[in-house]
Amino acid sequence: MINIRCETLSDYTVIAEVNTLAFGQKNEAKLVEKIRRSDRYIPELSLVAQIENVVVGHILFSYIDLVSEETLQVLGLAPLAVHPKFQRQGIGSALIKAGLEIAEAKKEAIVIVLGHLEFYTRFGFQPSVVYEIESPFPVPEEFFMVKPLQSYQKSYKGKVVYPAAFNMI
Ligand SMILES: CC(C)(COP(=O)(O)OP(=O)(O)OC[C@H]1O[C@@H](n2cnc3c(N)ncnc32)[C@H](O)[C@@H]1OP(=O)(O)O)[C@@H](O)C(=O)NCCC(=O)NCCS
């Protein structure tokens, strides 16, 4: 049984561990900590997945900028991590679905992710070019994806700019 809930202060250490194990490096754990300390942090969109009271997965959505004539804040999904021993059991998918439901409830317009096409298309993500949204990174088009939510409007286009917290060490 997977239980998904918001993070609390006492989860911070295990969240860092899960990220470090999942990615095999500390960058993502540091990213989570930097976002938490920034004004882009959204407490209700930092979620953990628990199995029998053990945290085995984590997902974070935070505000990033979508810049055209005006600058709009949109959701960026990063990072998503599942403990290596618990991968391929539906935990990552459950975290994404739970996060997207909260984002809908908050009337957010879009979610942006850099990740694998096959995985994220399952949740309604499409390459960002479809929505005239440009990646700030020189990555192949299919890796930079967008999921429009119910509040999406055509004005949500332009170039994505990540806030300073994303400047990796
Ligand atoms: C990607 C990740 C979050 C998926 O979580 P999960 O709980 O294993 O995912 P689910 O069980 O819900 O879904 C499984 C799907 O994830 C993808 N996936 C999971 N592990 C994968 C791996 N090691 N390599 C490639 N794809 C993988 C596959 O598409 C898989 O589908 P399949 O089982 O039908 O082949 C998890 O594998 C992870 O933490 N990976 C390391 C960190 C990472 O790459 N994070 C993604 C950042 S965008």
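Before going into details, it helps to say that this report is about the structure given with it.

Per the secondary structure count, the protein includes four helices and nine strands. Element order for the protein, N to C, with α for helix and β for strand: β-α-α-β-β-β-α-β-α-β-β-β-β. In terms of overall dimensions, the protein has C-alpha extents of about 45 × 30 × 30 Å along its principal axes. Long-range pairs, those at least 24 residues apart, make up 69% of the contacts in the protein with a sequence separation of at least 6.

Our next topic: helix α2 (residues 27–36). Of the positions making up α2, those classed as buried are E28, A29, L31, V32 and I35. For α2, the buried positions fall inside an angular range of 155° around the axis, keeping them on one side. Contact partners of the buried residues in α2: α1 (12–23), β3 (54–67) and β4 (71–82).

Let us look at the environment of V82. Along the chain, V82 turns up in strand β4. Apart from the residues within four sequence positions on either side, V82 is in contact with A22, V56, G57, Q87, I91 and G92.

Near the ligand you find 16 residues, and of these A22, Q87, G92, S93 and G115 are the closest. Among the residues forming the shell around the ligand, the class breakdown is eight nonpolar, six polar and two charged.

We now examine unusual backbone geometry. A cis amide bond, omega -10°, links A78 with the succeeding residue P79. Position of P79 among the secondary structure elements: in strand β4. Of note, N53 is a non-glycine position whose phi angle comes to about 70°, a positive value. By secondary structure assignment, the location of N53 is in the loop between β2 (46–51) and β3.

So, on to the nonpolar core. In terms of nonpolar packing, the biggest core is built from 43 residues, with L75, L77, V111, I112 and V113 touching the most fellow members. Elements that contribute at least two residues to this core include exactly α1, α2, β2, β3, β4, α3 (91–105), β5 (110–114) and β8 (144–148). Beyond its immediate sequence surroundings of up to four residues, V111 is in contact with F61, L75, L77, L100, A103, K147 and L149.

Parameters at a glance
- The residue count restarts for each chain, going from 1 along the sequence in the order it is written.
- Whole-chain, interface and lining totals are the exception, using all residues; otherwise, since this is a predicted model, local features are given only for residues with pLDDT of at least 70 and side-chain atom pairs are given and counted only at 80 or more.
- A run of DSSP states H or I qualifies as a helix once it reaches four residues; a run of E qualifies as a strand once it reaches two. Both are numbered from the N-terminal end.
- Each residue gets a C-beta atom placed from its backbone, and two residues are in contact if those atoms lie within 7 Å.
- Neighbour counting defines burial: a residue surrounded by 20 or more other C-beta atoms within 10 Å of its own C-beta is buried, one with 12 or fewer is exposed, and intermediate counts give partly exposed, using backbone-placed C-beta atoms.
- Within this analysis, the arc is defined by the directions that extend from the helix axis to the C-beta atoms.
- The criterion for a residue being near a molecule or strand is simple: its C-beta atom, placed using the backbone, must lie within 6 Å of it.
- The classification used treats Ala, Val, Leu, Ile, Met, Phe, Trp, Tyr, Cys and Pro as nonpolar, Asp, Glu, Lys and Arg as charged, and all other residues, Gly among them, as polar.
- Under the definition applied here, buried Ala, Val, Leu, Ile, Met, Phe, Trp, Tyr and Cys residues are grouped into a nonpolar core through C-beta atoms within 7 Å.

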